[in-house]
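# Survey of secondary and tertiary structure
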Amino acid sequence: MPTFTTISSDKLARLIGTANAPVLIDVRTEDDFAADRRLIPGSIKLSHETVAEWGGQFAGRRTVVSCLRGEKLAQGTAAWLRQLGAEAETLEGGFEGWKAANLPLLDTRKLPPRDAKGRTVWVTRARPKIDRIACPWLIRRFVDPAAVFLFVAPPEVVAVGERFKAAPFDIENVFWSHRGELCTFDVMIEEFGIATPALLRLATLVRGADTARPDLAPEAPGLLAASLGLSRMYDDDLEQLEAGMLLYDAFYRWCRDATAETHNWPTNKVKA
């Protein structure tokens, strides 16, 4: 029976990918993690042994802690986090419970190296529009909430990636790029292993807007128009990215929760 300090996998799955998702912390032992190096989407991997050192950074924030089965390591870490001022819950059944529920798991083998602060770093062309906003949104919401994005002149993307240990994306001849009819957003969903019906539906919209295929979804022209509008509203790429996060939050929630909703205007009755 769940308690007020636990959360079920189904309930957590509804929060992941949304702007108000809790901080997800995986405290499996190194041996347990080595046996299965996947993560619940959006999780960060930390050690239960040093929670007294790192726990303070989550004061005042909602957190969910998972270990292998949701027992002593998660319970103890969550208790420490509450002691340090966080609103901490544990995942019922832990990592194994999530896996048994056949919920998506992030393939960490595809992640680029992390910097000294534990963040993944990515680089792409300046003046981002559809794919170059959609991909950072996906990464921040499902892969690495602390990810850093560098926007540079197109000819310098690869060189900046090499010098600053950043993963280039959405340019030609790199791993994270278009493949055939798929755009980079499609590729990231596939490579990270995080496909869900909502993300696949959103990917169709992104592909339609990004590759001049409005026939793929009737909403694709709307996404294109909103994306182009944002690019005219913001001169600063990072400000545009933050505004774009809200845009994709809205499209994601539509893809997940509201595709069946319609708005019916009342019929105007003409008096004889």
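Here's what I pulled together on the structure shown here.

### So, empty space enclosed by the protein
Inspection of the entire model under this criterion finds one cavity of 30 Å³ or more. Approximately 40 Å³ is the volume attributed to the largest cavity. Lining the largest cavity are K129, I133, S227, L230, Q240, G244, L247 and Y248. Mapped by element, the contributors of at least two residues to the lining of the largest cavity are α10 (220-233) and α11 (237-258). Among the elements that make up the lining of the largest cavity, the one with the highest residue count is α11 (four residues). Here the lining of the largest cavity is built from residues that sort into four nonpolar, three polar and one charged.

### What to know about the pattern of salt bridges
Any two side chains of opposite charge can pair, on the condition that their charged atoms come close. Summed over the entire model, instances satisfying the criterion amount to 21 salt bridges. In this structure, D257 engages R14 in a salt bridge whose closest nitrogen and oxygen atoms are separated by 3.1 Å. Of the two residues, D257 sits in helix α11 while R14 sits in helix α1 (residues 9-15), which places them 243 residues apart along the sequence. Taking the shortest distance from any N to any O, the salt bridge between K99 and D36 comes out at 3.2 Å. Highlighted residues: K99 in helix α5 (residues 94-100) and D36 in the loop between α2 (30-35) and β3 (38-39), separated in sequence by 63 residues. Here the salt bridges do not stand alone but share partners, grouping R14, R253, R256 and D257 into one network.

### Some remarks on the nonpolar core
Grouped together as the largest cluster of nonpolar side chains are 54 residues, with contacts concentrated most on W122, W137, F185, L202 and Y248. Only α1, α5, α6 (131-143), β9 (148-152), α8 (184-192), α9 (197-210), α10 and α11 provide two or more residues apiece to this core. What F185 contacts, discounting residues up to four positions off in sequence, is D131, A134, C135, W137, L138, L199, L202, A203 and V206. Counting 14 residues, the second largest nonpolar core, distinct from the first, contains V27, V65, A74 and L81.

### Digging into the sheet that holds strand β4 (residues 43-45)
Taking strand neighbours across the sheet as the criterion, the five strands line up as β1-β6-β5-β2-β4 in an open arrangement whose pairing is parallel. The sheet is open, and its two edges are formed by β1 (6-7) and β4, each paired on a single side.

### Re the layout of surface pockets
The gaps left among the atoms become clear once a water-sized probe is rolled over them. The volume enclosed by the largest pocket comes to roughly 690 Å³. As for the largest pocket, its lining consists of 28 residues, of which V23, I44, D144, P145 and A146 are closest to the centre. When contributions to the lining of the largest pocket are tallied by element, the ones reaching two or more residues are β2 (23-26), β4, α6 and α11. Here the residues of the lining of the largest pocket are counted per class, giving 14 nonpolar, five polar and nine charged. Roughly 300 Å³ of volume is contained in the second largest pocket. Residue lining of the second largest pocket: 17 residues in total, with A13, L103, P104, T196 and Y252 positioned closest to the centre. Mapped by element, the contributors of at least two residues to the lining of the second largest pocket are α1, α9 and α11. Here the residues of the lining of the second largest pocket sort into twelve nonpolar, one polar and four charged.

### What about the environment of D170?
Following the sequence through the fold, D170 ends up in the loop between β10 (167-168) and α8. Given the relative accessible area of 6%, D170 is considered buried. Separated by 45 residues in the primary sequence, D170 and R125 have C-alpha atoms spaced 7.8 Å apart. D170 has contacts with T124, R125, D131, R132, W176, S177, H178 and T184, leaving out every residue within four places of it along the chain. Within the structure, D170 has its side chain in polar contact with the side chain of R125 (distance 3.1 Å).

### As for the packing of aromatic side chains
Counted under the stated rule, the structure contains eleven aromatic pairs. With centroids separated by 4.9 Å and ring planes inclined at 20°, the aromatic side chains of W176 and F192 adopt a geometry described as stacked. Separated by 16 residues along the polypeptide, W176 in the loop between β10 and α8 and F192 in helix α8 bring together distant segments of the chain. Taking the relative accessible area as the measure of exposure, W176 reaches 5% and is therefore buried. Accessibility expressed as a relative area gives 0% for F192, which makes it buried.

The rules behind these values
- Residues numbered from 1 in each chain as written.
- Predicted model: local features only at pLDDT ≥ 70, side-chain atom pairs only at ≥ 80, totals over all residues.
- Heavy atoms only, no water.
- 1 Å grid on protein atoms, 1.4 Å probe; cavity = no way out; pocket = protein on both sides within 12 Å on 5 of 7 lines; lining within 4 Å.
- Points joined across faces, edges and corners; volume = space filled by probe spheres on them.
- Helix = DSSP H or I, 4+ residues; strand = E, 2+ residues; numbered from the N terminus.
- Nonpolar A, V, L, I, M, F, W, Y, C, P; charged D, E, K, R; others polar.
- Salt bridge = Lys/Arg side-chain N within 4 Å of Asp/Glu carboxyl O.
- Core = buried A, V, L, I, M, F, W, Y, C linked by side-chain atoms within 4.5 Å.
- Buried < 20%, exposed > 50% of the residue type's maximum accessible area, 1.4 Å probe, protein only.
- Contact = heavy atoms within 4.5 Å.
- Pairing = 2+ DSSP bridges.
- Polar contact = N/O pair within 3.5 Å; in protein donor to acceptor, adjacent residues only side chain to side chain.
- Phe/Tyr/Trp six-rings, centres within 6.5 Å; stacked < 30°, edge-to-face > 60°.

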